[in-house]
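Listed here are the chains, written in short residue letters.
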Amino acid sequence: ARAPCRKLFGFVSRHLKPGGRAVLLKGEALQEELKEAREEWAFSLIEHPSTTNTRATFIEVQDLRRV
């Protein structure tokens, strides 16, 4: 996704049902984006490395809520 996690989570949170999860493709700046997102959001996360792009990671985000 082209937007940082902090911004994406705002979009995603409106569409998640309780217990739902979002799967997002993120790039090289993932760890920095997650650090910034944790200032505003609480969430659980599972990371899955992309098998087609070594610089990309799929993330599964659950329990997303503003802090």
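These lines cover the structure that appears in this document, whether it is placed above or below. (Residues numbered from 1 in each chain as written. Predicted model: local features only at pLDDT ≥ 70, side-chain atom pairs only at ≥ 80, totals over all residues. Heavy atoms only, no water.)

## Describing the nonpolar core
Most often, soluble globular proteins keep nonpolar side chains buried together rather than apart. Cys 5, Phe 9, Leu 24, Phe 43, Ile 59, Val 61 and Leu 64 are the most contacted members of the largest nonpolar core, which has 15 residues in total. Residue contacts for Cys 5: discarding those within four places in its chain leaves Lys 26, Leu 30, Glu 33, Leu 34, Ala 37 and Ile 59. (Core = buried A, V, L, I, M, F, W, Y, C linked by side-chain atoms within 4.5 Å. Buried < 20%, exposed > 50% of the residue type's maximum accessible area, 1.4 Å probe, protein only. Contact = heavy atoms within 4.5 Å.)

## Here we look at the packing of helix H1 (residues 5–13) against helix H2 (residues 30–37)
At their nearest, the axes of H1 and H2 sit 8 Å apart, and the two run at 60 degrees to each other. The angle between H1 and H2 falls in the class oblique. Where H1 abuts H2, its residues Cys 5, Arg 6 and Phe 9 lie against Leu 30, Glu 33, Leu 34, Glu 36 and Ala 37. Of the residues in the contact of H1 with H2, the class split is five nonpolar, no polar and three charged. (Axes fitted to C-alpha atoms, helices over the stretch in contact; angles between N-to-C directions. Helix = DSSP H or I, 4+ residues; strand = E, 2+ residues; numbered from the N terminus. Parallel < 35°, antiparallel > 145°, perpendicular 65-115°, else oblique. Nonpolar A, V, L, I, M, F, W, Y, C, P; charged D, E, K, R; others polar.)

## Focus: the packing of aromatic side chains
The tally for this structure, following the rule as stated, stands at two aromatic pairs. With centroids separated by 6.3 Å and ring planes inclined at 90 degrees, the aromatic side chains of Phe 9 and Trp 41 adopt a geometry described as edge-to-face. Of this pair, Phe 9 sits in helix H1 while Trp 41 sits in strand S2 (residues 41–49), and the two are 32 residues apart along the sequence. The exposure class assigned to Phe 9 is buried, which follows from its relative accessible area of 1%. An aromatic cluster is defined as three or more aromatic residues linked by ring pairs; in this entry it consists of Phe 9, Trp 41 and Phe 43. (Phe/Tyr/Trp six-rings, centres within 6.5 Å; stacked < 30°, edge-to-face > 60°.)

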